[in-house]
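A closer look at the structure
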Amino acid sequence: MPTNSKLRTVLVGAGKIGAGYADDTVMARHFRFASHAQVLSCHPEFSWEAMVEPIDTVRATVQQRWKVPLAVRSLEELRGTECYDVAVLATPPKGRADVLNRLPSVRAVLVEKPLGISSEDVQKLYRVCKERNIIAQVNFTRRSDEVFRNWARGDLSKLIGTVQNAVIHYGNGLQNNGTHMLDLVRMLVGEVAAVRALGESARPLTASIPGDVDVPFALRLDCDITVVGLPLEFRHYRENGLELWGERGRVSILQEGLGLYFYPRSPNRAMQGEGEIASDEPQPIGATLGRALYHMYTNIAANLRGEEPLCSPIESALKCEEIVDCILQSSHTNGSLVRVSQQCKVMTS
């Protein structure tokens, strides 16, 4: 990619993550970039050329607000399909491979999770990307966050020592919010070796993905750490959180990743010669998640230039999808232990 050229980009889907979150005044306090539209409207390495959105009112509003040159109802109406370098797929998960098949010149795709509605759908998307040599980035935004990337590089162990165990809280579906926490565990602590459902699945009242369920579960990591995942019903309140208990302290990742707190080890207040985690003395850590989506785009451009690897490649996301499948399999077999394959089944099919 020439250094002086912009990547011609088409956004497919202008719903909440596509553009709608830009109008959330509460999110705006913390997220400079909450939607793809906000990034595409100002990122110097991307040229937002077109948008596909079936809802007329949404399409008209987004086009006018962001000055998108071309806005159409469907891919069949999209002109110049051979001209786009990047596709952003902010659509429901069904049929994403078919979208790419209508965009023959695309060299990179940024796609929302889950990748498909079935294993066949996911396999089709993966194969299209591999056969056409399309680099595929999946929007697990925490993987492009500055703090979490530094933690994954070693800063977390410097802060709390070796992780002893972890607890996930999530809601609104295992495929939806649960996968973000599964992926964050993989990023910060280690890969998942086996899973066990700890109870029956339940359909959340606020599910965003049709058929998605909440399941309590336990993960056994390759490093012999146990992680417990517990669902919450989001109609009461939201929490997508992860607590990591280390040898020298505890880290809490709360409020969608905006609340980061370190609790140090200190002398025990009840027993002589013992230690404790000072849970009433949190030390806030400055969150940087509000710009992570922007950095994900920057990473795509750098990868196309051959300068750095993708921070959230499709191969990693496929592993998350397999872990979800294993948890569901365990929940359907009375909580049996299900081992996660060393290489994702989708990649070897």
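**Some details on the overall build of the chain**
For the chain, the helix and strand inventory stands at nine helices and 16 strands. Relative to the 2.2 N^0.38 estimate, which gives 20 Å for 349 residues, the radius of gyration of the chain is 21 Å and therefore close to what a compact globule would have. Along the first, second and third principal axes, the C-alpha atoms of the chain reach 75 × 40 × 40 Å. The buried share of the chain, reckoned over its 349 residues, is 55%. A separation of at least 24 residues holds for 64% of the contacts in the chain among residues at least 6 apart in sequence. Surface exposure of the chain reaches about 15,900 Å², of which carbon and sulfur atoms provide 49%.

**Quick notes on the pairing of strand 7 (residues 163–171)**
As defined by bridge partners, strand 7 adjoins strand 11 (residues 241–246) across six bridges and the pair is classed as antiparallel. Bridge pairing in strand 11 places Ile168 opposite Leu242. Judged from the seven bridges that link them, strand 7 and strand 10 (residues 226–232) form a sheet pairing that is parallel. Bridge pairing links Val167 to Val228 in strand 10.

**Description of the packing of aromatic side chains**
A complete count under the given rule lists four aromatic pairs for this structure. If you follow Arg8 out to its NZ or CZ, it ends over the ring of Tyr84, 5.9 Å from the centre. Arg250 extends its terminal NZ or CZ atom over the ring of Tyr263, reaching a point 4.1 Å from the ring centre.

**Let's talk about the pattern of salt bridges**
Enumeration according to the criterion identifies 19 salt bridges in this entry. The partner of Lys130 in a salt bridge is Glu315, and the shortest N-O contact between them spans 2.7 Å. Linking Lys130 in helix 4 (residues 119–131) with Glu315 in helix 8 (residues 314–331), this pair joins segments that are 185 residues apart in sequence. Exposure remark for Lys130: the relative accessible area of 44% places this residue in the partly exposed category. The closest approach of N and O atoms between Asp280 and Arg269, which form a salt bridge, is 2.8 Å. One end of the pair, Asp280, is in the loop between strand 14 (275–277) and strand 15 (283–285); the other, Arg269, is in the loop between strand 13 (259–267) and strand 14, with eleven residues separating them in the sequence. Each member of the pair, Asp280 as well as Arg269, is classed as exposed. Through salt bridges with shared partners, a single ionic network connects Asp56, Arg59, Arg73 and Glu77.

**A look at the environment of Gly171**
By secondary structure assignment, the location of Gly171 is in strand 7. Ignoring anything within four residues of it in the chain, the contact list for Gly171 reads Asn177, Asp214, Leu232, Phe234, Glu239 and Asn240.

**A short note on the nonpolar core**
Where a protein is soluble and globular, its nonpolar side chains tend to be buried together. Core analysis: the largest hydrophobic core is formed by 71 residues, its most contacted members being Leu78, Leu100 and Leu219. The element contributing the most residues to this core is helix 8, with eight residues. The residues touching Leu100, leaving out its near neighbours within four places in the chain, are Ala87, Leu89, Val106, Val109, Leu125, Val128, Cys129, Arg132 and Ile134. Judged by nonpolar contacts, the second largest core, of 31 residues, contains Leu110, Ile135, Leu293 and Cys311.

**Digging into the side chain of Asn176**
With respect to the helices and strands, Asn176 occurs in helix 6 (residues 174–188). Residues contacting Asn176, with those up to four places away along its chain left out, are Lys113, Ser208, Ile209 and Asp212.

**Thoughts on the confidence of the model for the chain**
Looking at the chain, pLDDT values average 94 and 97% of them are 70 or higher. Of the regions scoring below 50 in pLDDT, residues 343–349 engages in 16 contacts with residues more than four places distant in sequence or in other chains.

**Examining the pairing of strand 2 (residues 46–52)**
Most of strand 2 sits out of view: six of its seven residues are buried. In this structure, strand 1 (residues 7–12) lies alongside strand 2, joined through six bridges in parallel fashion. Opposite Arg8, over in strand 2, you have Ser47 as the bridge partner. Two strands pair when backbone bridges link them, and strand 2 and strand 3 (residues 70–72) are joined in this way by three bridges, in the parallel orientation. Bridging from a neighbouring strand, Ala50 pairs with Leu70 of strand 3. The parallel pair strand 2 and strand 3 is bridged by helix 2 (residues 56–66), and the resulting crossover is right-handed.

What counts, and where the lines are drawn
Residues numbered from 1 in each chain as written. Predicted model: local features only at pLDDT ≥ 70, side-chain atom pairs only at ≥ 80, totals over all residues. Heavy atoms only, no water. Helix = DSSP H or I, 4+ residues; strand = E, 2+ residues; numbered from the N terminus. Rg over C-alpha atoms; globule rule 2.2 N^0.38 Å. Buried < 20%, exposed > 50% of the residue type's maximum accessible area, 1.4 Å probe, protein only. Contact = heavy atoms within 4.5 Å. Areas by Shrake-Rupley, 256 points an atom, 1.4 Å probe, with all protein chains shown as cover. Pairing = 2+ DSSP bridges. Phe/Tyr/Trp six-rings, centres within 6.5 Å; stacked < 30°, edge-to-face > 60°. Lys NZ or Arg CZ within 6 Å of the ring centre and 35° of its normal. Salt bridge = Lys/Arg side-chain N within 4 Å of Asp/Glu carboxyl O. Core = buried A, V, L, I, M, F, W, Y, C linked by side-chain atoms within 4.5 Å. pLDDT = per-residue confidence, 0-100. Right-handed = clockwise from strand over helix to strand, strands pointing away.

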